[in-house]
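# Remarks on the overall topology
This is what each chain is made of:
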Amino acid sequence: NYHLGVDGISIVLLPITALIGVIVSLYSWNSTTRSSGLYYFLLLAMTSMTMGILLSLDLILFFLFWELILVPIYLMIQIWGIGPQREFTAVKYVIYMLSGSVPLLVGFILLAVHHDSSVDGGHSFDLIKLLNLPLSHTLQTEIFILLFVGFAVKAPLFPFHTWLPIVLEQGPLAVSMVMVGLKLGLYGFARFLIPMLPQATREWQTEVSVLAVFTILYGALVALKQTNLRRMLAYASISHVGMIVLGLFSLNFDGMQGAIVQMINLGFISTGLFFLAGSLQSRTGSVDLYSMGGIASRTPLLACAFLFFGLASIGLPGTNGFIGEHLILLGIFQTHWVFAMLALLGIGLGAAYFVRFYEKAFYGPVIHGPVDRMKDLLPRELVVVTCLAVFVLWVGLYPQPFLHLTQKSFLESKK
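Residues numbered from 1 in each chain as written. Predicted model: local features only at pLDDT ≥ 70, side-chain atom pairs only at ≥ 80, totals over all residues. Heavy atoms only, no water.

Moving on to the packing of aromatic side chains. The full count for this structure, using the stated rule, is 28 aromatic pairs. Between the aromatic rings of tyrosine 39 and tryptophan 80, the centroid separation amounts to 5.1 Å while the plane-to-plane angle is 80°, which identifies the pairing as edge-to-face. Here tryptophan 80 lies in helix 4 (residues 70-80) and tyrosine 39 lies in helix 2 (residues 36-55), a separation of 41 residues in the sequence. The exposure classification of tyrosine 39 matches that of tryptophan 80, with both residues buried. Members of the aromatic cluster, connected to one another through ring pairs, are Phe62, Trp66, Phe108, Phe144, Phe148, Phe151, Phe189, Phe192, Trp204 and Phe249. Across from the ring centre of tryptophan 66, 4.8 Å away, lies the NZ or CZ of lysine 154, which sits over that ring. (Phe/Tyr/Trp six-rings, centres within 6.5 Å; stacked < 30°, edge-to-face > 60°. Helix = DSSP H or I, 4+ residues; strand = E, 2+ residues; numbered from the N terminus. Buried < 20%, exposed > 50% of the residue type's maximum accessible area, 1.4 Å probe, protein only. Lys NZ or Arg CZ within 6 Å of the ring centre and 35° of its normal.)

This paragraph deals with a nonpolar patch on the surface. Together, Phe333, Trp337, Met341 and Leu344 make up an exposed nonpolar region whose accessible area comes to about 430 Å². Here the nonpolar patch takes 3 residues from helix 19 (residues 337-362), the largest share from any one element. On the secondary structure map, leucine 344 appears in helix 19. We classify leucine 344 as partly exposed; its relative accessible area is 36%. (Patch = residues over 30% accessible without salt bridge, like charges linked within 9 Å, V, L, I, M, F, W, Y side chains within 5 Å. Areas by Shrake-Rupley, 256 points an atom, 1.4 Å probe, with all protein chains shown as cover. Salt bridge = Lys/Arg side-chain N within 4 Å of Asp/Glu carboxyl O.)

If you look at the biggest cluster of nonpolar residues, it comprises 145 residues, and the most contacted ones within it are Leu111, Leu147, Phe151, Phe189, Leu197, Leu229 and Phe362. Sorting elements by how many residues they give to this core places helix 15 (residues 253-284) first, with 14 residues. In this structure, leucine 197 is in contact with Leu111, Leu135, Gln140, Ile143, Phe144 and Leu147, ignoring residues within four places of it in sequence. (Core = buried A, V, L, I, M, F, W, Y, C linked by side-chain atoms within 4.5 Å. Contact = heavy atoms within 4.5 Å.)

Once that is clear, we can look at unusual backbone geometry. The linkage connecting alanine 155 with the following residue, proline 156, adopts the cis geometry, with an omega of -5°. Structurally, proline 156 can be placed in the loop between helix 8 (137-154) and helix 9 (163-170). In this model, phenylalanine 158 is joined to proline 159 through a cis peptide bond whose omega is 5°. Structurally, proline 159 is set in the loop between helix 8 and helix 9. Of note, the phi angle at leucine 251 is positive, near 60°, even though the residue is not glycine. By the element assignment, leucine 251 lies in the loop between helix 14 (229-248) and helix 15. For leucine 251, a relative accessible area of 16% translates into the label buried.

Scanning all chains against the criterion turns up 2 salt bridges. Measuring nitrogen to oxygen at the nearest pair gives 1.7 Å for the salt bridge that ties arginine 191 to aspartate 7. Linking arginine 191 in helix 11 (residues 184-196) with aspartate 7 in the segment before helix 1 (10-31), this pair joins segments that are 184 residues apart in sequence. A salt bridge links glutamate 169 to arginine 231, with the shortest nitrogen-to-oxygen separation between them at 2.9 Å. Here glutamate 169 is found in helix 9, whereas its partner arginine 231 is found in helix 14, with 62 residues between them in sequence. Of the residues examined, arginine 231 reaches a relative accessible area of 22% and is grouped as partly exposed.

Moving on: the side chain of glutamate 381. Along the chain, glutamate 381 falls in helix 21 (residues 379-397). With a relative accessible area of 8%, glutamate 381 lands in the buried category.

With 19 residues, helix 21 should cover 27 Å at 1.5 Å per step; its first-to-last C-alpha distance of 26 Å lies within 8% of that length. Within helix 21, the full set of buried residues consists of Glu381, Val384, Val385, Leu388, Ala389, Val392, Val395 and Gly396. What you see down the axis of helix 21 is that its buried residues fit within an arc of 130°, all on one side. Relative to its buried face, helix 21 has exposed residues pointing more than 90 degrees away, namely Pro379 and Leu397. (Expected span 1.5 Å × (residues − 1). Arc of directions from axis to C-beta.)

This part takes up the state of the cysteines. Scanning all chains against the criterion turns up 0 disulfides. Looking at cysteine 304, it has no disulfide partner, and the nearest cysteine sulfur is the one in cysteine 387, 18 Å off. The exposure class assigned to cysteine 387 is partly exposed, which follows from its relative accessible area of 38%. (Disulfide = S-S within 2.5 Å.)

Per-residue confidence for the chain gives a mean pLDDT of 84, with 93% of residues at or over 70. At the low end of the mean pLDDT range in the chain sits helix 6 (residues 117-120), at 50; at the high end sits helix 3 (residues 59-68), at 92. (pLDDT = per-residue confidence, 0-100.)

Take the environment of phenylalanine 62 next. Examined against the element boundaries, phenylalanine 62 turns out to sit in helix 3. Taking the C-alpha atoms as reference points, phenylalanine 62 and threonine 50, separated by 12 residues in sequence, lie 10.0 Å from one another. Aside from chain neighbours lying at most four places away, what touches phenylalanine 62 is Ile53, Ser56, Leu104, Phe108, Phe151, Tyr187 and Phe192.

Turning our eyes to something else, we now look at the packing of helix 3 against helix 5 (residues 86-113). Two elements in contact, helix 3 and helix 5, have axes separated by 11 Å at closest approach and are oriented at 175°. What the angle tells us is that helix 3 and helix 5 run roughly antiparallel. On helix 5, the residues touching Leu59, Ile60, Phe62, Phe63, Trp66 and Glu67 of helix 3 are Leu98, Ser101, Leu104, Leu105, Phe108 and Leu111. Per-class residue counts for the contact of helix 3 with helix 5 are 10 nonpolar, 1 polar and 1 charged. (Axes fitted to C-alpha atoms, helices over the stretch in contact; angles between N-to-C directions. Parallel < 35°, antiparallel > 145°, perpendicular 65-115°, else oblique. Nonpolar A, V, L, I, M, F, W, Y, C, P; charged D, E, K, R; others polar.)

Here you go:
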């Protein structure tokens, strides 16, 4: 059935999806001239499929959009990818996503065939009906594992993460912004896995939390060693995914609400960082450290904007990153203080890798010729950065509207 709807989670992610589409269009205004008609068609298709994922309340309809989004992403990486390995990257991405889709589809089918036909007239893929579906302990565990693997690949969680760094490094900026700004795998955890399989979720809470903590620390430590800005942001994104999963599987109100707020935050922060990374790459031809140095003296506005979004990503008070991480940590401390301490260590490592890269890239002597001729943010770029910064400060200083929306959604789930 073509069954659509919104709740306190998706109703916020939908306008963020549209905003990212507008930002990508503004960035591509002059930078994408080859087959521009096809490029914008695929961009709109990717945005539409993303909205379909966020709106679907029928599992097969959700799965249809989940699969269809692979087509525009594959073509965009193949045609407009920036690296020499873009064809390999596109194929690797599709293989990973299809591998994750198989257990996801099997899990959905198992849910549908076990729907009580005596109550509602047969099998059903309707999310609303399946939320109260009684399942045996064994079956619930089996479906939990299937859905968890499917969503973990998309999130991505360690060890399903290896596709993300190469896609963000080799793919076009449009794909990168959508992937880091909209974590659809995390949405799957929050919307489908946890509400439909509460008993199995509770049983596997510790194991998933351990995996999430490992993802936080692994992503942060690997980001600390990166010399390519896009790869550093990719591993930072993986670390953030671990933090959000840890909040979701705290299974208490503070942690889960903080995780949803942090998903919203990534839509603004990560989009801003990748937008600025794209601006840097278009000016210098590279985002490796060897091609940077002294950027702040030539482009003060760009340097200030990058610092602002970077500090928001590590949870500076007054920014939206602080609100999300604060709530997540509150929830984790209620579950297990050891996990909370390790998550705090991951946040500290996040500050280390960002400050290290920022200092080397934006300060010091100019060592690369194009940096000396760099122009600061253009008016169009400044408009994009300003709009994102407003949202970062809005959620950071006055988060109540967002907390109210997500709160109503969680209360309904409890009922």
